[in-house]
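Structural overview
Residues per chain, in single letters:
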Amino acid sequence: MKQYFGRNLLSFSSGRSLKEMKGLEWIFIGIHAIWVPVAIVMGLMHDPASITTVTILAGMLSLWSAIAGFMNHRTATVEGQLHLGIVTQAIISVFAWALIFQFVSGERTAAYGVFAIVIIEGAVRFGLMGSLIMGVVSVMGQA
């Protein structure tokens with residue numbers, strides 16, 4: 001069973017080497033770190049449901065970025081990098097939805113643009129299949 005899922009999981013690597021995947025993960029960790037002050041500034045400028053919640057979400061994203069950086073440094077296999085990427089993608093998706101729910105009030109639905117970043121990250125990280133999966137998740141959530 002593990003061999004079956006391992007082979008199917010490796011198809012998400014798009015033939016990238018471990019070094020390429022590690023470099024890509026560092027880029028995403030940096031982007032996620034940039035989201036922290038952006039989320040706080042958005043909270044101050046756009047009247048969220050709770051600025052405290054937005055600050056806590058930003059802190060949690062910051063904590064995950066530190067954990068992901070440590071795990072990225074320690075991971076030594078392509079399969080391990082794929083697992084880290086999948087977990088990170090899931091956490092960022094939850095973060096994006098939590099942030100959206102803080103800003104959705106009346107006409108202030110511009111926060112849905114946050115999910116565009118998640119879809120693009122899915123595409124870069126996992127190719128077309130990742131983009132399609134994240135796009136479907138986005139559309140189903142918005143429905």
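In this text the structure is predicted, and so the values were computed from the model without any measurement.

Looking only at helices and strands, the protein chain features five helices and zero strands. Counting from the amino terminus, helix and strand elements in the protein chain follow one another as α-α-α-α-α. The proportion of buried residues among the 143 residues of the protein chain is 38%. Considering only residue pairs separated by 6 or more positions, the protein chain has 70% of its internal contacts joining residues 24 or more positions apart. Carbon and sulfur atoms form 72% of the exposed surface of the protein chain, whose accessible area is close to 8,100 Å².

The next point concerns the nonpolar core. Within the largest apolar cluster, 14 residues are counted, with the highest numbers of intra-cluster contacts made by Trp 35, Ala 39, Leu 61, Phe 95, Leu 99 and Val 118. Taken together, the elements giving at least two residues each to this core come down to α2 (18-45), α3 (51-74), α4 (78-103) and α5 (114-142). Sort the elements by how many residues they give to this core and α4 lands first, with five residues. Non-local contacts of Leu 61, meaning those with residues more than four positions away in its chain, are made with His 32, Trp 35, Val 36, Ile 92 and Phe 95.

With that settled, the discussion passes to the environment of Val 41. You can see Val 41 is positioned in helix α2. Given the relative accessible area of 41%, Val 41 is considered partly exposed. Here the alpha-carbon distance between Val 41 and Ile 51, two residues ten residues apart in the chain, equals 9.8 Å.

What follows covers the packing of α2 against α3. Two elements in contact, α2 and α3, have axes whose closest approach is 9 Å; the angle formed by their N-to-C orientations is 165°. The pairing of α2 with α3 is recorded here as roughly antiparallel in orientation. Judged by the twist between their axes, the crossing of α2 over α3 is left-handed. Contacts from Lys 22, Glu 25, Trp 26, Ile 29, His 32, Ala 33, Trp 35, Val 36, Ala 39, Ile 40, Gly 43 and Leu 44 of α2 reach α3 at Ile 51, Val 54, Ala 58, Leu 61, Ser 62, Ser 65, Ala 68, Gly 69, Asn 72 and His 73.

Take the environment of Glu 79 next. Take Glu 79: it is sitting in helix α4. Its relative accessible area of 27% is what places Glu 79 among the partly exposed residues. Sequence separation between Glu 79 and Leu 18 is 61 residues; the distance between their C-alpha atoms is 9.0 Å.

Counting through the fold element by element, Ser 65 comes out in helix α3. Sequence-distant contacts of Ser 65, that is, excluding residues within four places in its chain, are made with Ile 29, His 32 and Ala 33.

A grouping of Val 41, Leu 44, Met 45 and Ile 51 is seen on the molecular surface, where their side chains present a nonpolar patch of about 400 Å² in accessible area. Per element, the largest residue contribution to the nonpolar patch is three residues, and it comes from α2. For Leu 44, the location among the structural elements is in helix α2.

Let's shift gears to the confidence of the model for the protein chain. On average, residues of the protein chain score 75 in pLDDT, and 75% of them are at 70 or above. Within the protein chain, the lowest mean pLDDT, 50, falls on helix α1 (residues 2-10), and the highest, 87, falls on α3.

What counts, and at which threshold
- Residues numbered from 1 in each chain as written.
- Predicted model: local features only at pLDDT ≥ 70, side-chain atom pairs only at ≥ 80, totals over all residues.
- Heavy atoms only, no water.
- Helix = DSSP H or I, 4+ residues; strand = E, 2+ residues; numbered from the N terminus.
- Buried < 20%, exposed > 50% of the residue type's maximum accessible area, 1.4 Å probe, protein only.
- Contact = heavy atoms within 4.5 Å.
- Areas by Shrake-Rupley, 256 points an atom, 1.4 Å probe, with all protein chains shown as cover.
- Core = buried A, V, L, I, M, F, W, Y, C linked by side-chain atoms within 4.5 Å.
- Axes fitted to C-alpha atoms, helices over the stretch in contact; angles between N-to-C directions.
- Parallel < 35°, antiparallel > 145°, perpendicular 65-115°, else oblique.
- Left-handed = near helix turned anticlockwise from the far one by under 90°.
- Patch = residues over 30% accessible without salt bridge, like charges linked within 9 Å, V, L, I, M, F, W, Y side chains within 5 Å.
- Salt bridge = Lys/Arg side-chain N within 4 Å of Asp/Glu carboxyl O.
- pLDDT = per-residue confidence, 0-100.

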